[in-house]
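Close look at the chain arrangement
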Amino acid sequence: MGTVRLQGEHFMVTIQNYVRAKSLEEAYELNQKRSNVLAGGMMWLKMSSGNRNTVIDLSGLGLDQIEETEDEFRIGCMCSLRQLELHKGLNQYFDGAFRECTRWIVGTQFRNGATVGGSVFGRFGFSDILTCMMVLDSYVELYKGGTVSLEEFAKMKYSRDILVRIIIKKDGRKAAYTTQRNSETDFPLIAVAAAKKDDMWYISVGARPSKAALVTRPVQTGCELSAQAEEAVSMFSFGDNLRGSADYRKSLAEIYVRRLMEQLSGEEA
């Protein structure tokens, strides 16, 4: 394969070689070179600039399926965001949260190409997917690093390991997701997910503009949900960027966390 250049208005990536990996071991060995890069749908890669020696394609390894068992969902790294959006089992079990967290991501054509692995491994501050999965009993399976919780993975330093799949346990949580964007298909100004199981709240806020983080709080019987939401949001940090200020983000987060708590509690929002 000769040199390929992917060019846009504000970026250009030059690629020297392309390899369709025959095994995870081959992909891992190739990925140890800093000039090489793993390719999923290449949606985010095409938005960067620079030179890449070898692009490593994982599409031949059978990692593009969502498997449902009695106890968990196993989501291959090459699954598209569109598969998450449409998967009946995921959306039935988690109350449509995956449909909600994907439907505003750029457009259908983009979601057909962008992969779950790329979205999660990138740990982008604007990631709707990371924000939503954070409130569930989620784990990341790494080729060399083993299985770690998604919360722990989000805090880890970037490495040359390969994210093989995401595992989400069926532990009975009810979940909900919402976001605010300045325009319909823009990156989120704020992203909020909530889940409830027994007497615990699981709250995640992303696009702060930093990446999603998780806060767990006990359900306080007799305490107004607005007060519980305010307490949970106070545990997150917020910052400024061109999309909005820290104060505005915090205010929106309090409103949306309260609304999701109401939704999960069956109260009138």
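Residues numbered from 1 in each chain as written. Predicted model: local features only at pLDDT ≥ 70, side-chain atom pairs only at ≥ 80, totals over all residues. Heavy atoms only, no water.

What to know about the sheet that holds strand β13 (residues 213-218)
Quick note on the threshold: Two strands form a pair only when DSSP identifies at least two bridges running between them. Counting from the N terminus, the helices are the DSSP runs of H or I reaching at least four residues and the strands are the DSSP runs of E reaching at least two. Orientation is described by lines fitted to C-alpha atoms, with helices fitted over the stretch in contact, and by angles between N-to-C directions that extend from 0 to 180 degrees. The contact rule is simple, with two residues in contact once any of their heavy atoms fall within 4.5 Å.
Spatially, β10-β11-β12-β13 is the arrangement adopted by the four strands of the open sheet, whose pairing is antiparallel. Among the strands making up the open sheet, the edge pair consists of β10 (174-181) and β13. Ignoring which end each strand starts from, the neighbouring axes of this sheet average 15° apart. By the bridge criterion, six bridges tie strand β12 (residues 200-206) to β13 in an arrangement that is antiparallel. Each residue of the ladder has a partner; that of Trp 201, found in β13, is Arg 217. Packing of helix α9 (residues 225-233) onto the sheet brings it into contact with β12 and β13, and relative to β13 it is tilted by some 140°. Here helix α10 (residues 246-265) sits on the sheet and contacts β10, β11 (188-197) and β12; the angle it forms with β11, its principal contact strand, is near 30°.

With respect to the confidence of the model for the chain
To be explicit about the condition: By definition, pLDDT measures how confident the predictor is in each residue, and it falls between 0 and 100.
Overall, the predicted model of the chain reaches an average pLDDT of 90, with 90% of residues at or above 70. A low-confidence stretch, residues 4-11 (pLDDT under 50), is modelled with 18 contacts involving residues beyond four sequence positions or located in other chains.

Details of the state of the cysteines
Convention followed: Only a pair of cysteine sulfur atoms within 2.5 Å counts as a disulfide in this structure description.
Overall, the coordinates contain zero disulfides when judged by the stated rule. Unpaired in terms of disulfides, Cys 101 finds its nearest cysteine sulfur in Cys 132, a separation of 3.9 Å.

Things to note about the packing of aromatic side chains
Worth spelling out the cut-off: Two aromatic rings from Phe, Tyr or Trp, using only the six-membered ring of Trp, form a pair when their centres are within 6.5 Å; if the ring planes differ by under 30 degrees the pair is stacked, by over 60 it is edge-to-face, and anything between is tilted. Burial status follows relative accessibility: with a 1.4 Å probe on protein chains alone, a residue under 20% of its type maximum counts as buried, one over 50% as exposed, and anything between as partly exposed. Two conditions define a charge located above a ring, namely a distance within 6 Å from the ring centre to NZ of Lys or CZ of Arg, and an angle within 35 degrees of the ring normal.
Using the criterion set out here, one finds eight aromatic pairs in the structure. Between Phe 94 and Phe 98, the aromatic rings sit 6.0 Å apart at their centres with planes inclined by 65°, giving edge-to-face as the arrangement. Just as Phe 94 is buried, Phe 98 falls in that class too. A ring pair is formed by Phe 126 and Phe 187, whose centres lie 4.2 Å apart and whose planes are at 25°; its orientation type is stacked. In this pair, Phe 126 sits in the loop between α6 (116-122) and α7 (128-134) while Phe 187 sits in the loop between β10 and β11, placing the two residues 61 residues apart along the sequence. Among the residues examined, Phe 126 registers a relative accessible area of 23% and is labelled partly exposed. Through successive ring pairs, a cluster of aromatic residues spans Phe 73, Tyr 93, Phe 94 and Phe 98. Here Arg 123 stacks its cationic end above the ring of Tyr 158, 4.2 Å away from the centre of that ring. Between Lys 170 and the ring centre of Phe 73, over which it is positioned, the NZ or CZ distance is 4.9 Å.

Considering the pattern of salt bridges
Basically, it comes down to this: By definition here, a salt bridge exists when the distance from a side-chain nitrogen of Lys or Arg to a carboxyl oxygen of Asp or Glu is within 4 Å.
Applying the stated criterion across every chain, the model contains 16 salt bridges. Residues Glu 68 and Lys 170 are paired through a salt bridge, measuring 2.7 Å at the closest nitrogen-oxygen approach. Linking Glu 68 in strand β5 (residues 66-68) with Lys 170 in the loop between β9 (163-169) and β10, this pair joins segments that are 102 residues apart in sequence.

Describing the sheet that holds β5
With antiparallel pairing, five strands are arranged side by side in an open sheet as β5-β6-β9-β7-β8. Among the strands making up the open sheet, the edge pair consists of β5 and β8 (146-149). The mean inter-strand angle of the sheet, taken between neighbouring strand axes irrespective of direction, is 20°. Relative to β9, strand β6 (residues 72-76) runs antiparallel, the two sharing five bridges. The residue of β9 that forms the bridge with Phe 73 is Ile 168.

Side note on the environment of Val 120
Summarising the element assignment, Val 120 is placed in helix α6. Overall, Val 120 belongs to the buried group, its relative accessible area being 0%. With 45 residues separating them in the primary sequence, Val 120 and Arg 165 have C-alpha atoms 9.9 Å apart. Sequence-distant contacts of Val 120, defined by excluding residues within four places in its chain, comprise Ile 129, Met 133, Val 140, Leu 150, Phe 153, Leu 163 and Ile 166.

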